[in-house]
Amino acid sequence: MNAHAKYPAISDLKTRARGRIPHFVWEYLDSATGVEATQRRNRTALDQVLLNPSILHGEFAPDLSTTLLGRDHPLPIGIAPLGMSGLIWPGAEQMLARMAARENIPYTLSTVASQLPEDVGPHAGDQGWFQLYPPRDPVIRDDILNRAKSAGFHTLVLTVDVPVASRRERQTRGGLTQPPKLTPRLALQAARCPAWLLGIRQTGMPRLRLMESYSQVKGSLPSNQHIGYLLRTSPDWDYFKALRDAWDGPLVVKGVGRAVDAARLTDEGADAIWVSTHAGRQFDGGPASIETLPAIRAATPLPVIFDSGIEGGLDVLRALALGADFVMLGRAFHYGLAAMGEAGAAHVLDILRQDMISNMGQLGARSLKDLPACLRQTP
C-alpha cells in the first residue's frame, strides 16, 4: 500500500504520530498556550477564506513554482523552525535538511534546535535558513551569526514575537524539562514507543546544544524557561538595526502581526516579512494570522511569508490568494517524521503538492499569480 493510500491527508499522519511518540513529546509538539483559542482561531479563520471554482478551462498542469529572495523554488512552501526537533523524532534536523535540499525548498534551523548549525548546514545544501532568538550579548550574537554563515545558512530569520516566555500550560503539565530527563513517569511513556526510544538511544537525549555552548547553567529547567530564554533578550528597533548591520545576507523578520510594523521594517532594511502567531504558542488573545495578512500585504512591497494553522494545500492557496508570497509549515512536517520517519516529511510535501494541483484545477488557476482573482468577493 502506498503512502497516499494509507495517509492521504496530514491529519492521518498526525493521528499516526500521536501513537508513536511519548505523551510528553506530543504535548510539546501539539500544544499552544492559554486555552488555545488562538490556535483554534487560526483554523476557523482559514476555513472562512472562500475561493470561487471556475469552469471550462480545458486541461492544464498548474505551475506551482515561485521565486523568493532571488531563489527559484518548485513550490511556495518551506520548513519553518521548530525548537528541539530532535525530541519529536530522533535525527529530525538532519532529516528535514536533507529533504529540503532534495526538493529545493527552504529549511529553517532554530536557535534552540537539538543539533548545532555546523552539524546540520551541510545536509541542507543551498537551502539553509537560520532562525535567531536574539541573544542579549552582542558577542554571543555575532559568534552565532558567524557560525551559521560558515555552516552554509544564507538567510537569517529574526523571531520577534517572543518578548517574554509564554505559559504553555499543556506543555508544562506534560512534564518536559530542558534538558529532557526521563523521570519514571516519562520513562513509562517512552517505553510504550519503541521506535522513538530506539532512535533516542542511538542519537542521545536531545539538548539545546548551541545555547549550552554559551552558558554555564547546570541542572534541569522548565521547558518554557530553558537556557535559551536565559540568554536571549526582547529586541527593540535599535537591536534590529544592529543586526541588520551585522548580517550581510537576506534578513527576514518573523512574528509580524501589524501593518504599521511591516511598513517600518520595510524602511529599516528588512528583506521579507513573516506573518505568524507562532502557531498560537505565545499569545492567546490575538487575531488569526490569516486575518492580519491582507493589511500587512498592503503595507509593504517586500515578500510576505505566512504560517500558522496550515493543514493542507488548500490552506496554502488561501494564504497566497490573500497576498502571501510563500508559506512555511513546522508542525506538519514533524507529524510526518513521527508517523513515518524521514519518508514522512517528503510525504507531507507531496500531500501539499497534490492538494494544490487538485484545487488549482478546480479554480482554473494556471499559476500562483492567478489565485487572488479566485477570492470570493463580499457582496
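Residues numbered from 1 in each chain as written. Predicted model: local features only at pLDDT ≥ 70, side-chain atom pairs only at ≥ 80, totals over all residues. Heavy atoms only, no water.

Asks: Got a sec to walk through the overall build of the protein chain? Specific residues and values, please.
Replies: Regarding its fold elements, the protein chain presents 19 helices and 12 strands. The C-alpha atoms of the protein chain give a radius of gyration of 20 Å, which matches the 21 Å a tight globule of 379 residues would have. Based on the C-alpha atoms only, the size of the protein chain along its principal axes is roughly 65 × 55 × 40 Å. Per-residue burial for the protein chain yields a buried fraction of 56% across its 379 residues. The long-range fraction of contacts in the protein chain, counting pairs at least 24 apart against all pairs at least 6 apart in sequence, stands at 75%. On the protein chain, roughly 15600 Å² of surface is accessible, and the fraction owed to carbon and sulfur atoms is 52%. Each charge class in the protein chain was averaged separately, 40 positive and 37 negative side chains, and the resulting centres sit 8 Å apart. (Helix = DSSP H or I, 4+ residues; strand = E, 2+ residues; numbered from the N terminus. Rg over C-alpha atoms; globule rule 2.2 N^0.38 Å. Buried < 20%, exposed > 50% of the residue type's maximum accessible area, 1.4 Å probe, protein only. Contact = heavy atoms within 4.5 Å. Areas by Shrake-Rupley, 256 points an atom, 1.4 Å probe, with all protein chains shown as cover. Lys, Arg positive; Asp, Glu negative; His and termini not counted. Charge placed at Lys NZ, Arg CZ, Asp CG, Glu CD.)

Asks: Just give me the short version of the packing of helix 6 (residues 92-103) against helix 18 (residues 331-340), but keep the residues and values in it.
Replies: Between helix 6 and helix 18, the least distance of the axes is 11 Å, while the angle of their chain directions is 110°. Taken together, the axes of helix 6 and helix 18 lie roughly perpendicular to each other. Between helix 6 and helix 18 the crossing geometry is right-handed. Between helix 6 and helix 18, the contacting residues are Ala 92, Met 95, Leu 96 and Met 99 on the first element and Phe 333, His 334 and Leu 337 on the second. (Axes fitted to C-alpha atoms, helices over the stretch in contact; angles between N-to-C directions. Parallel < 35°, antiparallel > 145°, perpendicular 65-115°, else oblique. Left-handed = near helix turned anticlockwise from the far one by under 90°.)

Asks: Please provide a residue-by-residue account of the nonpolar core, values included.
Replies: Core analysis: the biggest nonpolar cluster contains 108 residues, and Ile 77, Phe 130, Trp 196, Ile 290, Leu 293, Phe 333 and Leu 371 have the highest contact counts within it. Residue contributions to this core peak at eight residues, all from helix 19 (residues 342-363). Dropping the residues within four chain positions of it, Trp 196 is found in contact with Arg 20, Ile 21, Pro 22, Phe 24, Val 25, Leu 87, Ile 88, Trp 89, Pro 90 and Ala 190. One finds Leu 68, Ala 80, Ala 272 and Phe 326 within the second-largest nonpolar core, a separate group that totals 10 residues. (Core = buried A, V, L, I, M, F, W, Y, C linked by side-chain atoms within 4.5 Å.)

Asks: Would you mind going over the packing of aromatic side chains in detail, with residue names and values included?
Replies: Any pair of aromatic rings gets described here by the distance separating the centres and the angle formed by the planes. Overall, the coordinates contain four aromatic pairs when judged by the stated rule. Summarising the aromatic geometry, the rings of Phe 130 and Phe 153 are spaced 6.0 Å apart at their centres and angled 65° between planes, so their arrangement reads as edge-to-face. Of this pair, Phe 130 sits in strand 5 (residues 128-132) while Phe 153 is found in the loop between helix 8 (138-150) and strand 6 (155-159), placing the two residues 23 residues apart along the sequence. Under the relative-accessibility criterion, Phe 153 is labelled buried at 1%. (Phe/Tyr/Trp six-rings, centres within 6.5 Å; stacked < 30°, edge-to-face > 60°.)

Asks: Explain the packing of helix 18 against helix 19 residue by residue, including any values.
Replies: Axes are the key here: two packed helices are described by the angle between their axes and the distance separating the axes. Interaxial distance between helix 18 and helix 19 falls to 6 Å at its minimum, and their mutual angle equals 135°. In terms of their interaxial angle, helix 18 and helix 19 are classed as oblique. For the pair helix 18 and helix 19, the sense of crossing is right-handed. Across the interface between the two elements, Ala 332, Phe 333, Gly 336, Leu 337 and Met 340 of helix 18 pack against Glu 342, Ala 343, Gly 344, Ala 345, His 347, Val 348, Leu 349 and Leu 352 of helix 19. Across the contact of helix 18 with helix 19, the residue classes break down as nine nonpolar, three polar and one charged. (Nonpolar A, V, L, I, M, F, W, Y, C, P; charged D, E, K, R; others polar.)

Asks: So what's going on with the side chain of Ser 308? Residues and values would help.
Replies: Here Ser 308 is to be found in the loop between strand 11 (304-306) and helix 17 (313-321). For Ser 308, a relative accessible area of 6% puts it in the buried group. Among the polar contacts made by the side chain of Ser 308, one reaches the main-chain amide nitrogen of Ala 279 at a distance of 3.3 Å. A distance of 3.5 Å separates the side chain of Ser 308 from the side chain of Ser 289, its partner in a polar contact. When sequence neighbours within four positions are dropped, the list of residues in contact with Ser 308 reads Asn 42, Leu 46, Ser 276, Thr 277, His 278, Ala 279 and Ser 289. (Polar contact = N/O pair within 3.5 Å; in protein donor to acceptor, adjacent residues only side chain to side chain.)

Asks: Which residues make up the side chain of Thr 33, and what values go with them?
Replies: With respect to the helices, strands and loops of the structure, Thr 33 is situated in the loop between helix 3 (23-30) and helix 4 (37-47). Beyond its immediate chain neighbours, meaning those up to four positions away, Thr 33 contacts Ser 166, Arg 167, Arg 168, Glu 169, Gly 280, Arg 281, Gln 282, Phe 283 and Asp 284.

Asks: How would you summarise the environment of Trp 196 if you had to cite specific residues and measurements?
Replies: Along the chain, the position of Trp 196 falls in helix 11 (residues 194-203). When the C-alpha positions of Trp 196 and Ile 88 are compared, they lie 8.5 Å apart, and in sequence the two are 108 residues distant.

Asks: Tell me about the pattern of salt bridges, residues and numbers included.
Replies: Enumeration over the complete set of coordinates arrives at 24 salt bridges. The partner of Glu 268 in a salt bridge is Arg 264, with the nearest N and O atoms 3.4 Å apart. Here Glu 268 pairs with Arg 264, and both are found in helix 15 (residues 259-268), just four residues apart, close to one helical turn. Residue Glu 268 is classed as partly exposed on the basis of its relative accessible area, which comes to 23%. Arg 264 sits in the partly exposed class, given a relative accessible area of 34%. (Salt bridge = Lys/Arg side-chain N within 4 Å of Asp/Glu carboxyl O.)

Asks: Before we move on, can you summarise the environment of Ile 140 with the specific residues and values?
Replies: Looking at the secondary structure, you find Ile 140 in helix 8. The exposure class of Ile 140 is buried, given its relative accessible area of 14%. Linking Ile 140 and Gly 323, residues 183 residues apart in sequence, is a C-alpha distance of 36 Å. Among all residues touching Ile 140, those that are not within four sequence positions of it are Pro 135 and Tyr 214.

Asks: Break down helix 6 for me, citing the residues and quoting the values.
Replies: Along its 12 residues, helix 6 runs 16 Å from first to last C-alpha, staying within 8% of the 16 Å computed at 1.5 Å per residue. Among all positions in helix 6, only Ala 92, Glu 93, Gln 94, Met 95, Leu 96, Ala 97, Met 99 and Ala 100 are buried. Looking at the buried positions of helix 6, the neighbouring elements they touch are strand 3 (77-79), helix 5 (85-88), strand 4 (107-109), helix 7 (117-120), helix 18 and helix 19. (Expected span 1.5 Å × (residues − 1).)

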